[in-house]
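Descriptive analysis of the structure
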Amino acid sequence: MISRSEFPTDFLTGATWLRVKELEGQQESLLKSVICAFNQLLDLRDLGTGIHSTRLAEWAVRIARKMGLPETDLYQLEVAALLHDIGKIGIPDSILKKEGKLSDEERALMNKHPEYSWSILRLLAGLDKASLYALHHHESYDGSGYPGGLKGTEIPIGSRIVSVIDAYDAMISNRCYRKGLAHQEAVQRLLSSSGTQFDPGVVQAFVEIAEAEVADVFAATGTSPSIAI
Ligand SMILES: [Fe+2]
């Protein structure tokens, strides 16, 4: 085996080094394009899901910083927030867009979407954590969620964050069959499910920043609370 000391000290300098950096840059920009394309695909498949996920990515990073998560973890969290529902492209329109109550069979199929999201994201190099966060975004803090029935800190922190902001954004968003809740009402509902459905630490962090930052989140994503869909 050749030891490191046998290489010339300038082994990766000059043109070779530049080529390596160029390829790394190309790979990074390709991955970003794929992530944006998938987000766009979600919007085309289920109007509003892509926009909703863009707001989630904005919230996720703000909550993670508030909770003191390492900056190095934020990218995976941001991608998970953007693409946690990408698996919905595998759910038939008759279920995905059904306005009435889903039957047990339809609900079982709908609940497969986190696993579908995981099966897509795990194929993209470097998104291991993001795919895991997506897989567990419908787990409940008390263990009553799916697909794994994980409990408390068994649930990855990224999934616990996505779970809270996913619920908040869904509550304040307008639907064709109902108007979105006011911010304070949505916050009250999060608080009432803190410790059962949601991680109390994540809810606390969200509540502490939500009121001050809600306008910024909507502005950063080019949307407005009054027309949230
Ligand atoms: Fe979901």
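This report concerns the structure included in the present document. Being a predicted model, the structure only gives us computed values, none of them experimental. (Residues numbered from 1 in each chain as written. Predicted model: local features only at pLDDT ≥ 70, side-chain atom pairs only at ≥ 80, totals over all residues. Heavy atoms only, no water.)

1. Some thoughts on helix H3 (residues 74–83)
Quick reminder: α-helices carry 3.6 residues per turn. Residues three or four places apart thus point the same way. The element H3 is largely enclosed, with a buried count of eight among its ten residues. Where H3 is buried, its residues touch helix H1 (14–45), helix H2 (49–66), helix H6 (113–121), helix H7 (128–135) and helix H8 (157–172). (Buried < 20%, exposed > 50% of the residue type's maximum accessible area, 1.4 Å probe, protein only. Helix = DSSP H or I, 4+ residues; strand = E, 2+ residues; numbered from the N terminus. Contact = heavy atoms within 4.5 Å.)

2. Focus: the layout of surface pockets
Counted as a void, the second largest pocket has a volume near 240 Å³. Lining the second largest pocket are Glu-24, Gln-27, Glu-28, Leu-30, Leu-31, Lys-32, Val-34, Tyr-75, Leu-124, Ala-125 and Gly-126. When residues of the lining of the second largest pocket are assigned to their parent elements, the largest contribution, seven residues, is made by H1. Of the residues in the lining of the second largest pocket, the class split is six nonpolar, two polar and three charged. (1 Å grid on protein atoms, 1.4 Å probe; cavity = no way out; pocket = protein on both sides within 12 Å on 5 of 7 lines; lining within 4 Å. Points joined across faces, edges and corners; volume = space filled by probe spheres on them. Nonpolar A, V, L, I, M, F, W, Y, C, P; charged D, E, K, R; others polar.)

3. Remarks on the nonpolar core
Membership of the largest hydrophobic core comes to 46 residues, with the highest contact counts inside it found for Trp-59, Ile-63, Ile-161, Ile-165, Tyr-168, Leu-190 and Phe-206. Among the elements of the structure, H1, H2, H3, H7, H8, helix H9 (183–192) and helix H10 (200–220) are those that each provide at least two residues to this core. Residue contacts for Phe-206: discarding those within four places in its chain leaves Trp-59, Ile-63, Val-164, Ile-165, Tyr-168, Val-187 and Leu-190. (Core = buried A, V, L, I, M, F, W, Y, C linked by side-chain atoms within 4.5 Å.)

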